[in-house]
Amino acid sequence: MKRPVLALLSLLAIAALPASAQTPAPASGPPPSQIAALVTQVTALFPKVEGDIIKVDEGQVTLSIGKRDGVVAGVELEVYREGEELKHPKTGDVLGRKEEILGRVVVDQVAEAYSTARVSKGKGMAGGDRVRVSAGKVRLTILPLSTGVRDNLIEAAVQELVDGFTRAGRFQVGMGDPIGVALGQQGVSPEQALEGKGLAQAAEKFKVEHLLVVHFKRVETKPYMDVRFFSLPRTVPDVTTAFFVPPSIRPTQQGSRFSQGGPANPPQAKPRSLLARLLGRELEAGSYSSGEGSIPLKEVAKFPFAVLAIDVAVTPKDKIPRMVVSDGEKVYQYKIVNQKLEAEWSFNVRALGRVFSVYFVDLDGDGNYEVVGGRYEPNLGVNSFILGVKDGKPRFLAENLPMFLFPLDPEGKGHKNALWAQRYSPERFFTTGQADLMTWKNGKLVTERSVRVHGSFRPMGATFSNVNGKDGARALTFIDEFNRLQVSLDGEDLWRSGTSVGGGGLTVELIQFGQSGRNSRSAFFKIEPTPLAIDLDGDGIDEILVPQTIVKEGLLGVVFKGPAGYRLQSIDTGFEGTITALGGFKTDDANQPTIIATVVRFKNFLKTSGDTQVIMTVPQE
């Protein structure tokens, strides 16, 4: 049998853009201190100094601070005017002074005891006003761009930069993935970015003040770093340097930490997380997989039909994990107890079309799940339904809803409790970029308001997660019409995969008629699998798992955000069949999450019949 192979895939699409500008000549044999020297150069631009304005003459400002105070050319200072003293009304203690911020100046010439600067922002400055560099943390954004350098080497080099700036104590470091996406969409190459092209617009859009652009490329076949530091919106670099990647920097190893969520919570028996072992190709060989390794896998069920959709979640009320399954005709619900499936109920919903999606969602807030599903019938189009359970028996709460329904967990409560709806289009199937927030009131589904979504959003192959950081807003991840995985926030791009993902087991035919109503043509849409958002390494930040059937059967993509930004790593699971759906859960008493995959061996070309194995990872205590 063929062993699984581990493939590292491309970074941002911008990395493949053509070169168009000259770069500084390579430095010869730089020592590892080149990274430290770069950190020192940038840190020197932010000395903790303050002083006075001596005079202002037609935009030229003379300051009372110079070399002896640590001032260097290029440093930007805040200008403010002191007001009246503030005194405590009872003790009379002076608490400080009121301040009026007037703008900023950039130092251009430095003498021993004074310096001159030009006004970069603001007006109304005069002699006697004060200048300072804040002692607070400077927000620094690192933008790594790549041409032909391996992802894991970039990861290691960027981590070295992040560690260096963090140790300096002056910086709050973030990653510039959204800027990279925006530049790529504008056709800006890495060389042009180093020249400042497109950066002013990015600064305004993404509220970035200080940007370190690092272009990783190859010079004389060796990995090389071309670096510029910008204080935006000025696009003239304050620091320009270039050097070979120091040989002491080694590519990140499989099994290291990937996301940046703070201290991890590793399992007690084995310190390696499920993420690390997945990326380390540690899959257990079996009748369903040609993998070899140490992640225990268990076949928990085998169905004589092709499973097209599943959802897995822990029920809020009784804390029992459950799985809902559909073969296109019926909906089945199971309890998951001791790595076994226990049937609870089944319900035939085929009358108005073939089922292509099922989701758990707690619509009424009672702690028990309703089941939301989508169906398609060529003559009727898309229609959705909602199932509830009373006295252990399922029933329709609503059906024949002419829309796509997409459940979500917008606040990160741990279970889906809200619905988005997107209108079905008889001409285009989806109404991309449109969504409404729906609520359940008095036994009916009503439209609450429209929501802002990405212009390419389609309500399938999508999930919400905190993959962008556990302290920020939850990001929407979805498979677009070109089978690329996109991460967006408030309708704006954060990242887009450079390789294909998805490729579901079900394809639907949309018959499109001409204006006369006589001529028709068929358009085919593949129903994409829902990506799984789950914290694999216990650091509080989700990773994203998504099948890559469109590339190869059994291929699984793992998306995570590391020091070098978002990465997608492909894993050949060795599963001998099509991964049609993924699910996962973590109970309070478990150290690691459980991942569930449905693997289908289709029996015919149209993929209308087949056998399904339900394969589960077994948590290690």
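Calculation notes
Here the residue numbering is sequential within each chain, running from 1 through the sequence in written order. Where totals are concerned, whole chains, interfaces and linings use all residues; where local detail is concerned, this predicted model gives features only for residues with pLDDT of at least 70, and gives and counts side-chain atom pairs only at 80 or more. To obtain the side-chain values, all non-hydrogen atoms of the structure were used and water was disregarded. A pair of aromatic rings is counted whenever rings of Phe, Tyr or Trp (Trp by its six-membered ring) have centres within 6.5 Å, and the orientation is called stacked for planes under 30 degrees apart, edge-to-face for over 60 and tilted otherwise. Runs of E in the DSSP output that reach at least two residues are strands. Runs of H or I that reach at least four are helices, and both are numbered from the N terminus. Think of it in three bands: residues with accessible area under 20% of the maximum for their type are buried, residues over 50% are exposed, and the middle band is partly exposed, with areas taken using a 1.4 Å probe on protein chains only. Throughout this description, the term charge over a ring refers to an Arg CZ or Lys NZ atom that lies within 6 Å of the ring centre and within 35 degrees of the ring normal. A fitted line through C-alpha atoms represents every axis, and for helices the fit uses only the stretch in contact; the resulting angles, taken between N-to-C directions, go from 0 to 180 degrees. Orientation is classified from the angle alone, with under 35 degrees giving roughly parallel, over 145 giving roughly antiparallel, 65 to 115 giving roughly perpendicular, and any other angle giving oblique. In this scheme, a crossing is called left-handed if the near helix is turned counterclockwise away from the far one by less than a right angle; it is called right-handed if the turn is clockwise. Here, residues are in contact when the closest pair of their heavy atoms is within 4.5 Å. A strand pair is defined by DSSP finding two or more bridges across the two strands.

A. Representation of the packing of aromatic side chains in the model. Inspection of the entire model under this criterion finds 25 aromatic pairs. Between F305 and Y332 the ring centres are 5.4 Å apart and the planes differ by 10 degrees, which places this aromatic pair in the stacked class. In this pair, F305 is assigned in the loop between β13 (297-303) and β14 (309-314) and Y332 in strand β16 (residues 330-337), connecting sequence segments 27 residues apart. Here F305 falls in the buried class, since its relative accessible area comes to 17%. Arranged with centres 4.9 Å apart and planes meeting at 25 degrees, the rings of F360 and Y369 form a pair that is stacked. Using a relative accessible area of 1% as the deciding quantity, one classes F360 as buried. Through pairs of rings, three or more aromatic residues link up here, namely F356, Y376, F404, Y424, F429, F430 and F525. Taking the ring centre of Y80 as reference, the NZ or CZ of R132 above it sits at 3.9 Å. The ring of F244 carries the charged tip of K222 above its face, separated from the ring centre by 4.4 Å.

B. Representation of the packing of helix α3 (residues 177-185) against helix α5 (residues 199-206) in the model. In contact at an axis separation of 10 Å, α3 and α5 are set at 135 degrees when each is read in the N-to-C sense. Judged on the interaxial angle alone, α5 and α3 are oblique. Relative to α5, α3 is oriented so that their crossing is right-handed. Every residue of α5 that contacts α3 at P178, I179, A182 and L183 is listed here: L199, A202 and F206.

C. Representation of the environment of N368 within the structure. Tracing the chain through its elements places N368 in the loop between β18 (354-361) and β19 (370-377). Note on N368: relative accessible area 29%, which makes it partly exposed. Once the C-alpha coordinates of N368 and V389 are considered, the two residues, 21 residues apart in sequence, prove to be 8.8 Å apart. N368 has contacts with T315, K317 and D362, leaving out every residue within four places of it along the chain.

D. Representation of the sheet that holds strand β21 (residues 393-401) within the structure. Read across the sheet, four strands follow the order β18-β19-β20-β21 without closing on themselves; strand pairing throughout is antiparallel. The two strands at the open ends of the sheet, each matched to only one other strand, are β18 and β21. Between one strand axis and the next, the sheet turns through 25 degrees on average, direction left out of account. Summarising the sheet, strand β20 (residues 381-390) and β21 pair through six bridges and their orientation is antiparallel. Paired with I386 across the two strands is A398, which belongs to β21.

E. Representation of α3 in the model. For α3, the buried fraction is high: seven of the nine residues fall into the buried class. The set of residues buried in α3 consists of D177, P178, I179, G180, V181, A182 and L183. Positive backbone phi, at 75 degrees, marks G187, one or two positions downstream of α3.

F. Expanded view of unusual backbone geometry. For the bond from L232 to P233, the omega torsion is 15 degrees, close enough to zero to count as cis. Residue placement: P233 occurs in the loop between β11 (222-231) and β12 (239-244). Of note, K319 is a non-glycine position whose phi angle comes to about 60 degrees, a positive value. Inspection of the secondary structure puts K319 in the loop between β14 and β15 (321-326).

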